[in-house]
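Here's the letter readout for the chains.
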Amino acid sequence: MTKNFEAPLYPYERHADQDAIRPRRHKVLVVGAGPVGLAAAIDLAQSGIPVVVLDDNDKVSSGSRAICFAKRTLEIADRLGVGHLMATKGVEWNLGKVFFRDRKVYDFNLLPEDGHQFPAFVNLQQYYVESDLVNRVRSLQAAGAPIEIRGRNRVTGVAQHRDHVTLTIDTPDGAYSLETEWLVACDGAGSPIRSQLGLDFVGRVFEDNFLIADVTMEADFPTERWFWFDPPFNQGQSALLHKQPDGVWRIDLQLGWDIDKAEEKKPENVIPRLRAMLGEEVPFALEWVSIYTFQCRRMARFRHDRVIFAGDSAHQVSPFGARGANSGFQDTDNLIWKLKLVLDGIADDSLLDSYDTERIAAAEENILNSSRSTDFITPKSEISRVFRNAVLDLSEHHAFARPMVNSGRLSLPSVYDGSALNSPDHLPTGPARTRPGAPCPDAPLGDGFLLQRLGGGFTLLAINCDAPAHLEEAGVTISGLPLVTADDPSGAFAARYLGAATAATYLIRPDQHVAARWHRFDEAGTRAALRRAIGKE
Amino acid sequence: MPHHDLILTPNLATPDDSYAALLAAHEGLSKEQSDALNARLILILANQIGDPEILKQALVCARTGVEDV
């Protein structure tokens with residue numbers, strides 16, 4: 001790993017809370033300073049809600065870990081102030097190649113749609129993302145925002161009460177206790193909070209091991225995703241090569257189930273495997289090696305009274321499809337505006353149950369896609385291998401078989417169809433992609449882009465029609481955003497939001513999902529849709 | 001009008017020829033090669049049918065009673 005990330009980024013410091021006679025009460029504690037926990041905390045702090053992040057460590061993650069960040073994540077990160085940092089540092093890619101045994105069977109292009117601020121995907125080591133987020137925390141602090149990270153604060157006990165949660169926390173100076181109104185548990189797949197509360201985390205275990213290695217090399221491999229099924233250098237298994245910034249390459253090698261993990265991780269065993277894959281003549285250096293197994297599973301519920309789980313603590317998928325960290329960002333994006341409305345006394349805490357409904361549906365979608373990819377990549381029966389190989393063989397010569405080749409279905413944001421927060425569609429001839437429940441697709445607008453123009457609250461988008469600049473309803477201010485499709489000569493904005501219609505209004509949630517839409521400004525309808533979107537109808 | 005029901009009445013003009021063609025296609029193949037051929041054939045025919053509902057009905061029909069075989 002890059003040397004400058006080995007130093008503690010948020011070293012332990014003794015806090016006055018540790019000397020308090022009675023445990024101090026906080027509004028929100030976030031446990032875990034990974035990408036999801038940091039994103040949650042920044043979102044809260046940007047809304048003016050005091051938040052403390054507790055982490056058992058004091059530095060960014062070691063090794064690249066999550067490397068593939070989707071457009072929706074960059075859009076969310078942009079609202080949190082780090083989207084451009086991630087997009088600039090990240091490696092953009094669109095081309096993929098699929099190999100079967102000793103030959104290439106086909107290649108594909110993600111063909112990203114034009115007219116979006118951010119690319120379809122960038123590859124970026126998780127430690128860069130975490131470092132950008134920690135820097136963002138520092139600049140918020142410098143501007144006086146109520147946010148802090150406490151390093152080497154390990155939660156060892158948690159208990160729920162009627163109106164708060166108590167935590168016992170271990171530090172280098174010994175234990176102390178805290179109380180909080182709300183606890184957001186972003187403490188990863190092995191979530192200690194989940195275990196301490198005795199909550200289930202059930203699903204399907206995939207009996208397989210994957211060696212994951214970061215290597216640095218000056219090689220001519222293009223910026224593409226290369227995936228091998230049953231290659232000569234890893235017979236009967238799979239392999240993946242993917243480029244990251246700084247001349248670092250991610251290599252995943254499937255190893256099978258009955259292996260000696262400690263033995264396989266030794267450089268003297270890893271290096272010959274990599275040499276066989278990369279070619280004898282390619283010089284490389286091994287930066288990081290890990291062996292992982294995976295499961296596809298989720299908690300039965302993500303909200304447990306005043307403890308709310310987000311990211312890997314709530315659900316876990318295989319890495320194929322980049323649906324782990326990306327879905328974690330969508331979790332916190334969904335949760336934080338709701339939590340703010342509850343903390344502000346505007347919404348009833350039952351609004352948080354919609355986090356459960358919406359994000360459980362999303363987790364199910366991710367688990368389904370991820371399980372299917374895994375079943376294709378690592379066939380678990382003789383007949384599934386026969387079909388898998390038949391698809392790969394046919395894909396070399398016939399286009400019809402290529403859509404069945406599944407080396408990961410890449411993460412897309414979920415549409416919250418059927419959510420109780422949606423209002424009926426009053427623009428039924430409008431584009432399906434912007435129906436109630438859908439995440440707003442970006443579009444060009446003048447010199448910039450649409451999503452940049454949406455604030456952190458509820459927005460009423462008025463396209464080719466009038467709407468008031470402000471509308472107060474149920475304690476919430478809806479900001480009117482009048483726009484004309486003439487501001488986008490490419491026609492993308494009109495195609496994505498009007499379709500056959502000539503005008504429309506959209507009520508957009510703080511997480512940029514569509515709550516309702518109409519073919520004109522409908523004041524009574526907008527007010528009712530707002531109440532519904534905050535769980536008051 | 002597309003068919004939305006699996007055809008379970010005779011639909012091949014020369015059934016003996018078609019059956020012989022299936023057997024002929026496997027001639028000289030090992031068990032492994034025959035399995036590969038069958039899998040390819042199923043995928044090609046599934047694409048030809050193109051209707052997931054009919055495919056589903058065909059799968060149910062093929063599965064019925066197979067555990068007694």
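Residues numbered from 1 in each chain as written. Chains lettered and ligands numbered in written order. Predicted model: local features only at pLDDT ≥ 70, side-chain atom pairs only at ≥ 80, totals over all residues. Heavy atoms only, no water.

A. Spatial organisation of the overall build of chain B. Of the regular secondary structure elements, chain B holds 3 helices and 0 strands. Element order for chain B, N to C, with α for helix and β for strand: α-α-α. Rg of the C-alpha trace for chain B: 14 Å, well past the compact-globule value of 11 Å for 69 residues, more than 25% over. Taken along its principal axes, the extent of the C-alpha atoms in chain B is 40 × 30 × 25 Å. Evaluated residue by residue, chain B yields a buried proportion of 12% over its 69 residues. Here chain B holds 4 positive side-chain charges and 10 negative ones, and the gap between their average locations is 9 Å. (Helix = DSSP H or I, 4+ residues; strand = E, 2+ residues; numbered from the N terminus. Rg over C-alpha atoms; globule rule 2.2 N^0.38 Å. Buried < 20%, exposed > 50% of the residue type's maximum accessible area, 1.4 Å probe, protein only. Lys, Arg positive; Asp, Glu negative; His and termini not counted. Charge placed at Lys NZ, Arg CZ, Asp CG, Glu CD.)

B. Main features of the nonpolar core. Residues and elements named next belong to chain A. If you look at the biggest cluster of nonpolar residues, it comprises 92 residues, and the most contacted ones within it are V28, F458 and L507. Of the residues forming this core, the biggest block, 9 residues, is contributed by helix α8 (residues 325-343). Each of domain 1 (3-90 + 124-202 + 297-366) and domain 2 (432-533) accounts for three or more of the residues forming this core. Residues within four places of V28 in sequence aside, it is in contact with L44, I49, P50, V51, V52, T180, W182, V184, L339 and L343. Counting 28 residues, the second-largest nonpolar core is a separate cluster that includes F206, V317, V391 and V405. (Core = buried A, V, L, I, M, F, W, Y, C linked by side-chain atoms within 4.5 Å. Domains from an automatic or database assignment. Contact = heavy atoms within 4.5 Å.)

C. Structural view of the UniProt feature "domain: FAD-binding" (unreviewed entry) in chain A. Mapped onto this numbering, the UniProt entry gives "domain: FAD-binding" (unreviewed entry) at residues 27-367 of chain A. Annotation note: span residues 27-367 of chain A, helix share 30%, strand share 35%, distance between end C-alpha atoms 32 Å. (UniProt positions renumbered as here; feature names shortened; annotations may be inferred.)

D. Just a nonpolar patch on the surface, in detail. All names here are of chain B. Residues Y19, L22 and L23 make up a contiguous nonpolar surface patch of about 340 Å² in total accessible area. Mapping Y19 onto the fold places it in helix α1 (residues 15-26). With a relative accessible area of 57%, Y19 lands in the exposed category. (Patch = residues over 30% accessible without salt bridge, like charges linked within 9 Å, V, L, I, M, F, W, Y side chains within 5 Å. Areas by Shrake-Rupley, 256 points an atom, 1.4 Å probe, with all protein chains shown as cover. Salt bridge = Lys/Arg side-chain N within 4 Å of Asp/Glu carboxyl O.)

E. Spotlight on the interface of chain B and chain A. At the junction of the two partners, chain B supplies 8 residues and chain A supplies 9 residues. A combined buried area of about 770 Å² lies between chain B and chain A, and 83% of that area is made up of carbon and sulfur atoms. On the chain B side of the contact with chain A, A39, R40 and L43 of chain B bury the most area, a combined 60% of that side's loss. Here chain B is connected to chain A by 1 salt bridge. Across the contact surface, chain B and chain A share 1 residue pair in polar contact (both at pLDDT 80 or more). By residue class, the composition of the side of chain B that touches chain A is 5 nonpolar, 1 polar and 2 charged. (Buried area = accessible area lost by both parts, 1.4 Å probe. Polar contact = N/O pair within 3.5 Å; in protein donor to acceptor, adjacent residues only side chain to side chain. Nonpolar A, V, L, I, M, F, W, Y, C, P; charged D, E, K, R; others polar.)

F. Spatial organisation of the sheet that holds strand β5 (residues 95-100) of chain A. All names here are of chain A. Here we have 8 strands laid out as an open sheet, ordered β6-β5-β13-β14-β15-β12-β16-β19, and mixed in their pairing. Edge positions in the sheet fall to β6 (103-109) and β19 (315-316), since each has one partner strand and no second. Pairing of strand β13 (residues 224-229) with strand β14 (residues 238-244), which is carried by 4 bridges, proceeds in the antiparallel orientation. Considered in β14, the bridge of W226 is made with L241. Strands β12 (202-217), β13, β14, β15 (248-256) and β16 (284-298) of the sheet are contacted by helix α7 (residues 267-278), whose axis makes an angle of about 95 degrees with β16. (Pairing = 2+ DSSP bridges. Axes fitted to C-alpha atoms, helices over the stretch in contact; angles between N-to-C directions.)

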